[in-house]
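Working through the structure, step by step
Next come the chains, spelled out residue by residue.
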Amino acid sequence: MMPLKTRIMKYISSKFIVAIVAIFCTVSFANAQEIIKDTVKTKAVSFGTKKQKVDGVIATVGDYIILDSDVDKMFLELSSQGQAVKDITRCQMLGKLLEEKLFAHQAVQDSIIVRDEEVKEKLNEQMAYMLEQLGSEEKVIQYFKKSTIDELKAELFDIIKINKLGAEMQKKIIDGVEITPEETRTFFKSIKESELPTFGAEMEVAQIVVTPKISNEEKQRVVARLKEIKAEVLAGASFKTRAVIYSDDKGSASSGGFYKINRKTQFVKEFKDVAFSLAEGEISEPFETEYGYHIIMVEKIKGQEVELRHILMMPKVSDQALKDAKEKIIQIKNKIESGEITFGDAARTMSDEKETRANGGVLINPKTQDTHFELTKMDPSLYSEVSNLKDKGITQPILDDDPRTGKKYKIITVTDRIESHPADYAKDYVKIKDLALKEKQIKAIGKWSDEKIKETYVKINGEYRNCTFVNNWIKK
């Protein structure tokens, strides 16, 4: 049997979830120069040529071409992410690029649409980062050896769009892939005992949250302002512009409050109920969710999907309300430590966080959907709060300023600790199921790739035709 790591890595270059979204974004100028030098040397050694770099088209996949310089850029990107590249050949890197282009090409054939607004939003984030790192547009232009900032933006726009198309295509391939308990058991039994994965030390944590009370006057002020904005839009003002200026939803404000949702989209029920009750062009009345108050304008209805814009306004918390919340959570902490009530019962009866309240305050790991957090993968802020807690210890009140839900106080405790150990089917079923599902998804992507390569125009040029690829790009 093929070892677990080898089995899963066989198709890993298919980029199960596309991570490369732009180039040169996290590497310093000096380091970038050294990486480029190393890459040129690698190229020279790989093909036994002089140390002279000549750019040109080295491959074509459908409607997309790959330049020799694209391979260099990929080496640079991986290096900037802290990955070792000395053992990666140019042939392997080309294989990765070929797969990206195949996904993007097929996405276009399947009429998968990536909105320019989504691409521009990501582009703006990348440009802002580069300006922060290098200091000015002039330095950014010089660094990337472009004539103008618009030339650089155009290149990055194309790169981001191709990657988003590829990501959507891969998502479409694996969306219907599911794993049964029997398949999970078979997957686990197929792993030799000496090859069982080791799961790191974990802990289970619980929290109690006290949210400051918002005054009725403040709620009325927010509702009144949203009504004013609605009236301005109905009178001809731009909803998009007002979302950029006024919305407290930082995730969508820069794109003018835009979202595309369907009934399965992970939004709160109140939001979806309002969104699907509106006609095209209609603007809702202000309504409340756990995040604050919203208004929604529906732009388009496409079957079961709705394209909309929204503005979120979060009522402001007064200093007195914040003080009262802190006093309340201190009282709860004192009751737990005196033995008057358990942490779990206190969470069930006194916590304001409805997502964890019924479960005694125990947090769900968003990556694994179980209650355990691997220490090496735990959010740094959460780890810093609980790493030094003794058994049954409780943190001091923590002021949490969540950009989505506002300020609140919380206390945290550790409810379980698990030491590092080899995979155990009973204890680690959720993780094993996830590994089995990923292998099945990777196989689905591999099978899809094999089929699409046969029916897609692919051409490899020059010395790269001597490469040995995982996939049959040469079509021998």
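My aim in this report is to walk through the structure given alongside it, one point at a time. (Residues numbered from 1 in each chain as written. Predicted model: local features only at pLDDT ≥ 70, side-chain atom pairs only at ≥ 80, totals over all residues. Heavy atoms only, no water.)

**Things to note about the packing of aromatic side chains**
The criterion, for reference: Only Phe, Tyr and Trp rings are paired, with Trp represented by its six-membered ring, and only when their centres lie within 6.5 Å; those with planes under 30 degrees apart are stacked, over 60 edge-to-face, the remainder tilted. Secondary structure elements are defined from DSSP: runs of H or I of at least 4 residues count as helices, runs of E of at least 2 residues count as strands, and each element is numbered from the N terminus. Throughout, exposure labels follow a simple rule: accessible area from a 1.4 Å probe, protein chains only, divided by the maximum for the residue type, with under 20% read as buried, over 50% as exposed, and the rest as partly exposed. When the NZ atom of lysine or the CZ atom of arginine is within 6 Å of a ring's centre and also within 35 degrees of its normal, the charge is said to sit over that ring.
Within the structure shown, the criterion is met by six aromatic pairs. Ring geometry for Phe188 versus Tyr425: centroids 5.4 Å apart, planes at 45°, classification tilted. Of the two residues, Phe188 is situated in helix H8 (residues 181-189) and Tyr425 in the loop between strand E12 (421-422) and helix H17 (429-455); the sequence distance between them amounts to 237 residues. One exposure class covers both Phe188 and Tyr425, and it is buried. Members of the aromatic cluster, connected to one another through ring pairs, are Tyr259, Phe267, Phe271 and Phe287. Between the NZ or CZ atom of Lys431 and the centre of the ring of Phe199, over which it lies, the distance is 5.7 Å.

**Re the environment of Ile330**
Mapped onto the secondary structure, Ile330 falls in helix H13 (residues 319-337). You can call Ile330 partly exposed: its relative accessible area is 33%.

**Comments concerning the nonpolar core**
Counted only if it meets this: The definition of a nonpolar core used throughout is a set of buried Ala, Val, Leu, Ile, Met, Phe, Trp, Tyr and Cys residues joined through side-chain atoms within 4.5 Å. Working rule for contacts: check all heavy atoms of both residues, and any pair within 4.5 Å makes them a contact.
Counting 51 residues, the largest nonpolar core has Leu94, Leu98, Ile460 and Trp473 as the members making the most contacts within it. Among the elements that line this core, the one with the most residues is helix H7 (residues 149-174), at ten residues. Apart from residues no more than four positions distant in its own chain, Leu98 is found in contact with Ala59, Val61, Ile66, Ile460, Phe469 and Trp473.

**Some words on the layout of surface pockets**
Note the threshold: Only protein atoms enter the 1 Å grid used here. Points where a 1.4 Å probe fits but cannot escape make up a cavity, open sets with protein on both sides within 12 Å along at least five of seven lines make up a pocket, and a residue lines them when an atom lies within 4 Å of a point. Grid points are joined across faces, edges and corners, and a volume is the space filled by probe spheres set on the points. Classification convention: Asp, Glu, Lys, Arg as charged; Ala, Val, Leu, Ile, Met, Phe, Trp, Tyr, Cys, Pro as nonpolar; all other residues, Gly among them, as polar.
The volume enclosed by the second largest pocket comes to roughly 1200 Å³. Around the second largest pocket, the lining comprises 36 residues; the ones closest to its centre are Thr211, Glu290, Thr405, Gly406 and Lys408. Listed by contribution, the elements that provide at least two residues to the lining of the second largest pocket are strand E4 (202-210), strand E6 (287-289), strand E7 (292-302), H13, helix H15 (354-357), strand E10 (398-402) and strand E11 (406-418). Its residues assigned to classes, the lining of the second largest pocket comprises eleven nonpolar, eight polar and 17 charged.

**Observations concerning a nonpolar patch on the surface**
Operational definition: Residues with no salt bridge and a relative accessible area higher than 30% make up the patches, which join like charges within 9 Å and nonpolar side chains (Val, Leu, Ile, Met, Phe, Trp, Tyr) within 5 Å. Computed with the Shrake-Rupley method and a 1.4 Å probe, the accessible areas treat only the protein chains shown as cover for residues. A carboxyl oxygen of Asp or Glu within 4 Å of a side-chain nitrogen of Lys or Arg is what we treat as a salt bridge.
Judged by side-chain polarity, Val244, Ile245 and Tyr246 come together as a nonpolar surface patch covering roughly 260 Å² of accessible area. Here Val244 lies in helix H10 (residues 239-246).

**Quick look at the pattern of salt bridges**
Side-chain pairing between opposite charges can occur once the charged atoms of the two side chains come close. Inspection of every chain in the model, using the stated rule, returns 32 salt bridges. With a closest N to O distance of 2.8 Å, Glu155 and Lys73 form a salt bridge. Here the residue Glu155 occupies a position in helix H7, and Lys73 occupies one in helix H3 (residues 68-80), the gap between them amounting to 82 residues. Residues Glu155 and Lys73 agree in their burial class; the two are buried. Lys452 is paired through a salt bridge with Glu455; the nearest N and O atoms lie 3.3 Å apart. One end of the pair, Lys452, and the other, Glu455, are both in helix H17, three residues apart, so they sit about a helical turn from each other. Lys452 sits in the buried class, given a relative accessible area of 17%.

**So, the pairing of strand E8 (residues 305-313)**
The cut-off we apply is this: Strand pairing is assigned whenever DSSP identifies at least 2 bridges connecting the two strands.
Burial within E8 is extensive, with eight of its nine residues counted as buried. Bridging between strand E5 (residues 258-261) and E8 involves four bridges; their strand directions are antiparallel. Looking across to E8, one finds that Lys260 is bridged to Glu307. Pairing of E7 with E8, which is carried by nine bridges, proceeds in the antiparallel orientation. Paired with Met297 across the bridge in E8 is Arg309.

**Some thoughts on the sheet that holds strand E2 (residues 64-67)**
The pairing of strands in a sheet happens through backbone hydrogen bonds and is either parallel or antiparallel. Here is the rule we go by: Interaxial angle, 0 to 180 degrees, is taken between N-to-C directions of lines fitted to C-alpha atoms, where a helix line uses only the stretch in contact.
Pairing is antiparallel across the open sheet formed by three strands, whose spatial order is E2-E1-E13. Only two strands of the sheet have a single partner each, and these edge strands are E2 and strand E13 (458-460). Looking at each pair of strands side by side, their axes are set apart by 20° on average, direction ignored. Sheet topology places strand E1 (residues 57-61) next to E13; three bridges connect them, and they run antiparallel. Considered in E13, the bridge of Thr60 is made with Lys459. Along the sheet, helix H4 (residues 90-109) contacts E1, E2 and E13; its crossing angle with E2, the most-contacted strand, is approximately 160°.

**Quick word on unusual backbone geometry**
Within the chain, Ser111 stands out as a residue other than glycine whose phi angle is a positive 60°. Relative to the helices and strands, Ser111 resides in the loop between H4 and helix H5 (116-134). Under the relative-accessibility criterion, Ser111 is labelled exposed at 58%.

**Considerations on the packing of H5 against H7**
The cut-off we apply is this: Orientation labels follow simple angle bins: below 35 degrees gives roughly parallel, above 145 gives roughly antiparallel, 65 to 115 gives roughly perpendicular, and whatever is left gives oblique. Crossings are sorted by hand: turned counterclockwise from the far helix by less than a right angle, the near helix makes the crossing left-handed, and turned clockwise it makes it right-handed.
Running from N to C, H5 and H7 point in directions that differ by 125°, and their axes come no closer than 9 Å. Relative to H7, H5 is oriented oblique. Judged by the twist between their axes, the crossing of H5 over H7 is right-handed. Of the residues in H7, those in contact with Asp116, Glu118, Val119, Lys120, Lys122, Leu123, Gln126, Met127 and Met130 of H5 are Ile149, Leu152, Lys153, Leu156, Phe157, Ile160, Lys161 and Lys164. Across the contact of H5 with H7, the residue classes break down as nine nonpolar, one polar and seven charged.

**Notes on H13**
Under the convention used in this document: How far a helix is expected to stretch is found by multiplying one less than its residue total by 1.5 Å.
The end-to-end C-alpha distance of H13 is 27 Å, a good match for the 27 Å that 19 residues give at a rise of 1.5 Å each. Against E4, helix H14 (343-350), E10 and E11 lie the buried residues of H13. Where H13 ends, the next residue or the one after it, Gly339, has phi of about 85°, a positive value.

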